[in-house]
Amino acid sequence: MKVEQRPTDTTPKEALTDKTTLLKLYREMLLIRRFEEKTAEMYQAAKIGGFCHLNIGEEATIVGIISALRPADYVYSTYREHGHAIAKGIDPKAVMAELFGKETGTSRGRGGSMHLFSQEHRFYGGYAIVGEALPIACGTGYAINYQEKDEVVMSIFGDGATNIGAFHESLNVAKLWHLPIVFVCVNNLYGMGTAVNRASAVTEIWKKACAYDMTGERVDGMDVLAVRRITDQLVAQARNQHEPSLLECLTYRYRGHSMSDPDTYRGKDEIKEWQTRDAILSLGEYMKNQKMLDDEEIQKIDEEVTAQVEEAVKFAEESPEPDPKDLYRDVYADEAAS
Amino acid sequence: MAVLAMRDALNQALREEMKRDESVFLLGEDIGLYDGSFKVTRGLMKEFGERRVLDTPIAEEIIIGTAIGAAMAGLRPVAEMMTVNFIMVAMDQVVNAAAHIRYMFGGGTKVPLVIRTPGGGGHQLGAQHSHSHENWFAHVPGLKVVAPGTPADAKGMLKAAIRDDNPVMFIENEGTYAVKGEVPDGEHLVPLDKNDVKRQGDDITICAHSRMLIVAMDAAAELEKEGISAEVVDMRALRPLDMAPAIESVKKTSRLITVEEGWRSYGVGAEIAARVYEEAFDYLDAPVARIGAAEVPAPYNKRLEKIAFPGKADVIVTAKALLGKN
């Protein structure tokens, strides 16, 4: 599917020049890329079961939006959320262990790939019903206002979710109740195998914010600096003015919808074309041009994150399975009821 | 001890819990300025303000979703669904989210919320406002489901539900809001997992909940006049289902009738009967008799509606038949 880019942010790249920040963004994107490549490998080796949706290709969007948050801010996500969890600070070991179904996983092996969670990191979960988490994110936004805190909620979902009722109900009350939420649509152009223009009457998803008199923005989701800059603005708006917004990040998943997707609905040329705009390569090039990074350092970062991923796999492999006697644990908060 | 209508007992419970705990807030359609469709929330917005009594758009999914997200972030929401039929619009939030979040996230969070909603027919409200669906929710692990039938239980169970750390479906009944009864003042808590015997008897056991409890009590009073001693077990705690009083009763009477206002198929009575067969089969002198609504969408016509929902006469006829006293 062809889309027209509409970067609304015209600030020059130089606005984010701090080397430490750029290195952090680069490293996180590469970590997510290597983590997901390893995840695919482990899935093919049958170490991971169920459905498995990868973030490969979407790293700039993920790191750009989530790095704009504070640790106390909340993230609600979808079933394609391994990278989101890592970007929010969850140890890749706990994420990999969850994919392996182990007791040491983020959800003690009860959730799996689609249901990562961490109270400590305010990563409020991966949800596998499209659009379901948006109303829940609104509730957390309501609680923030109720408790008079200055936290922000980031609600992340795909393009497919913007056609479901829950999306519209959520944007409506977010604006009506002045909730501190940034709604982020990760538009990877396909809801499973259905292209946006075959599912949505409005293909420029940011425009859907207009119906709720809400700020709507579209950004090149392959440019981590552009994503980060616009998200910084929208997070500040949510935090300081309690004004929600809708941010559309145009990006692309290089792999299929899930590991079991033969990917027959889009052309190989299209995939290659998006890969020429790879976010990790472009940031690397940019930093090299700025003399912030050289090939040797790039190689070193790659080795470090690859080792981190290997360590995550080792941890997951060696972790215990949940004990069968704990099957009924946590059905209820009071164990007597379980 | 004051004599209160069910709606006022519920109102008292809400008011007391809101005063006790700042994290308790209410949300729903027309519960504030309008005072609630059935006046259960009367006066609460005036007393507690719009922050704690939140009038929502008519958008059921956002109501339940908001309650869940607020609960996960430390509040204790009490959501009102104007009727149980409306909750169908929000079933994803109730079942896939509220009920499953704790387990699927490995116990990493909890969802302490109450969803109050009335079911029940008999008011000529037709096929989209008259049903009883407590069995739908009682089927789901992760939810607690209660359906009190007296004002005292309504108050005590609502207070307990608000203090509970799990999602609780609190099933009310449109036909009971005006029913009066004695209600203890102040701190009165009724556990969510205990059923009890509301009337002692020796010849036959009648299990009922919500408005059918009242029907069963009336029927038992009539039966007594005809020399039949019926024991009425209140099945107010549907999930977790406390079977102990019913099992004890059946061991004494050897005959059981279940009464529910909803359809019998896959219903509350079916579950109770199965449990009794599993746990007290040898004590039974007759098959369990189940009474429920006619298996039709609730009709509007008054005459048809009257025969579609179970009443006192159905219980009396069934009890006599079971005892061979026709």
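Everything numeric in this text was worked out from a predicted model, so none of it was measured.

A.B. asks: Is there a simple way to explain the overall build of chain A in this structure?
C.D. replies: In terms of regular secondary structure, chain A is built from 11 helices and eight strands. A compact globule built from 338 residues should have a C-alpha radius of gyration of about 20 Å, and chain A, at 19 Å, falls within 12% of that. Dimensions of chain A along its principal axes, counting C-alpha atoms only, are 55 × 50 × 40 Å. Considering chain A as a whole, with its 338 residues, one finds that 52% of them fall into the buried category. Within chain A, counting contacts between residues at least 6 apart in sequence, those at least 24 apart form 73% of the total.

A.B. asks: What's the story with the overall build of chain B in this structure? I'm lost.
C.D. replies: Helix and strand counts for chain B come out as 12 helices and 14 strands. For a compact globule of 326 residues, the expected C-alpha radius of gyration is about 20 Å, and chain B comes in at 19 Å, within 12% of that figure. Structurally, chain B occupies a C-alpha span of about 60 × 45 × 40 Å along its principal axes. The proportion of buried residues among the 326 residues of chain B is 60%.

A.B. asks: For this particular structure, what's the right way to read the interface of chain A and chain B?
C.D. replies: The figure often quoted for interface size is the accessible area lost as the parts come together. Contacts between the two partners involve 34 residues from chain A and, on the opposite side, 36 residues from chain B. Considering each element in turn, the side of chain A that touches chain B owes the most residues, nine residues, to helix 5 (residues 133-146) of chain A. Looking at side-chain class alone, the side of chain A that touches chain B contains 16 nonpolar, 11 polar and seven charged residues.

A.B. asks: Can you walk me through the nonpolar core in this structure?
C.D. replies: Proteins that are soluble and globular tend to have nonpolar side chains buried together. All names here are of chain B. Of all hydrophobic cores here, the largest spans 197 residues; its most connected members are V146, I206 and A216. In terms of domain composition, this core takes at least three residues from each of domain 1 (2-183) and domain 2 (196-322). If we ignore the near neighbours within four places in the chain, the residues touching A216 are I206, A208, V232, V259 and V315.

A.B. asks: It is not clear to me how the sheet that holds strand 11 (residues 230-234) of chain B should be interpreted in this structure. Could you clarify?
C.D. replies: Strand pairing within a sheet occurs via backbone hydrogen bonds; the two strands may be parallel or antiparallel. Residue and element names in this part refer to chain B. Taken together, the five strands give an open sheet; going across it, the order is 9-11-10-13-14, and neighbouring strands pair in mixed fashion. The open sheet has two edge strands, strand 9 (196-199) and strand 14 (289-293), and neither has a second partner. Each strand axis lies, on average, 25° off the axis of its neighbour in the sheet, ignoring direction. Of the pairings in the sheet, the one linking strand 10 (residues 204-208) to strand 13 (residues 256-263) comprises four bridges and is parallel in character. Counted as the bridge partner of T205 is L256 from strand 13.

A.B. asks: I keep staring at the domain arrangement of chain B and nothing clicks. Help me out?
C.D. replies: Residue and element names in this part refer to chain B. By the assigned domains, chain B splits into domain 1 (2-183) and domain 2 (196-322). Broken down by secondary-structure element, the contributors of at least two residues to the side of domain 1 that touches domain 2 are helix 6 (134-138), strand 6 (144-146), helix 7 (151-163) and strand 7 (168-173). Residue composition of the side of domain 1 that touches domain 2, grouped by class: 10 nonpolar, 14 polar and three charged.

A.B. asks: Hey, could you run me through the sheet that holds strand 8 (residues 245-250) of chain A in this one?
C.D. replies: Residues and elements named next belong to chain A. With parallel pairing, six strands are arranged side by side in an open sheet as 2-1-3-4-8-7. The sheet is open, and its two borders are formed by strand 2 (123-126) and strand 7 (215-220), each paired with just one other strand. Averaged over all pairs of adjacent strands, the angle between strand axes in this sheet comes to 15°, irrespective of strand direction. Where strand 1 (residues 74-77) and strand 3 (residues 153-158) come together, three bridges link them in parallel fashion. Paired with Y76 across the strands is S155, a residue of strand 3. Sheet strands touched by helix 5: strand 1, strand 2, strand 3 and strand 4 (181-187). Its angle to strand 3, the strand with the most contacts, is close to 175°.

A.B. asks: Where do I start with the packing of helix 1 (residues 6-20) of chain B against helix 7 of chain B in this structure?
C.D. replies: Two numbers describe a pair of packed helices, the interaxial angle and the distance between the axes. Residue and element names in this part refer to chain B. Interhelical geometry of helix 1 versus helix 7 gives an angle of 30° and a closest axis separation of 8 Å. Comparing the axis directions of helix 1 and helix 7 gives the class roughly parallel. As for the relative orientation of helix 1 and helix 7, their crossing is right-handed in sense. Between helix 1 and helix 7, the contacting residues are M6, A9, L10, Q12, A13, E16 and E17 on the first element and P151, A154, K155, L158, K159 and I162 on the second. Looking at the contact of helix 1 with helix 7, its residues break down into eight nonpolar, one polar and four charged.

A.B. asks: Can you walk me through helix 12 (residues 312-322) of chain B in this structure?
C.D. replies: It helps to recall that an α-helix has 3.6 residues per turn; residues three or four apart then point in one direction. All names here are of chain B. Taken residue by residue, helix 12 has V315, T318, A319 and L322 as its buried positions. The arc that holds the buried residues of helix 12, viewed along the axis, is 100°, so those residues lie on one side. Contact partners of the buried residues in helix 12: strand 10, helix 8 (211-225), strand 11, strand 13 and strand 14. Downstream of helix 12 by one or two residues, G324 has phi in the positive range, about 65°.

A.B. asks: Would you mind going over the pairing of strand 1 of chain A with me for this structure?
C.D. replies: Where a strand is regular, its side chains alternate between the two sheet faces. Residues and elements named next belong to chain A. Burial along strand 1 is two-sided: Y74 and Y76 and V75 and S77, pointing in opposite directions, are all buried. Here strand 1 pairs with strand 2 via two bridges, running parallel. Bridge assignment links S77 to a residue of strand 2, and that residue is G126.

A.B. asks: Is there a simple way to explain helix 3 (residues 60-72) of chain B in this structure?
C.D. replies: Residues and elements named next belong to chain B. With 13 residues, helix 3 extends 19 Å between its outermost C-alpha atoms, agreeing within 8% with the 18 Å of an ideal straight helix rising 1.5 Å per residue. Of all the 13 residues making up helix 3, 13 are buried; the element is thus mostly covered by neighbouring parts of the structure. One or two positions beyond helix 3, positive phi appears at G74, with a value near 110°.

Thresholds applied
Within every chain, residues take consecutive numbers counted from 1 along the sequence as written. As a convention, the first chain written is A and the first ligand written is 1, with the rest following in written order. At least 70 in pLDDT is required for a residue's local features to be given in this predicted model, at least 80 for side-chain atom pairs to be given and counted, and no such filter applies to totals for whole chains, interfaces and linings, which use all residues. Helix and strand assignments come from DSSP, with helices taken as H or I runs of at least 4 residues and strands as E runs of at least 2, each series counted from the N terminus. To get the radius of gyration, use the C-alpha atoms; to get the globule rule, take the number of residues to the power 0.38 and multiply by 2.2 Å. Here exposure depends only on C-beta density: within 10 Å of a residue's C-beta, 20 or more other C-beta atoms make it buried, 12 or fewer make it exposed, and intermediate numbers make it partly exposed, the C-beta atoms being placed from the backbone. Residues are defined as contacting one another if the C-beta atoms placed from their backbone atoms lie within 7 Å. Classes in brief: Ala, Val, Leu, Ile, Met, Phe, Trp, Tyr, Cys and Pro nonpolar; Asp, Glu, Lys and Arg charged; the others, Gly included, polar. By definition, a nonpolar core groups buried Ala, Val, Leu, Ile, Met, Phe, Trp, Tyr and Cys residues that are joined through C-beta atoms within 7 Å. Domains are outlined according to an automatic or database domain assignment. Two strands are counted as paired when DSSP detects at least two bridges linking them. All axes here are fitted lines through C-alpha atoms, helices being fitted over the stretch that makes contact, and every angle between N-to-C directions spans 0 to 180 degrees. Throughout, the term roughly parallel applies to angles under 35 degrees, roughly antiparallel to angles over 145, roughly perpendicular to angles from 65 to 115, and oblique to all others. If you view the pair so one helix is near and one far, a crossing is left-handed when the near helix is turned anticlockwise from the far one by less than a right angle, and right-handed when it is turned clockwise. The arc under discussion is defined with respect to the helix axis, by the directions toward the C-beta atoms. What a helix should span is 1.5 Å times the count of its residues minus one.

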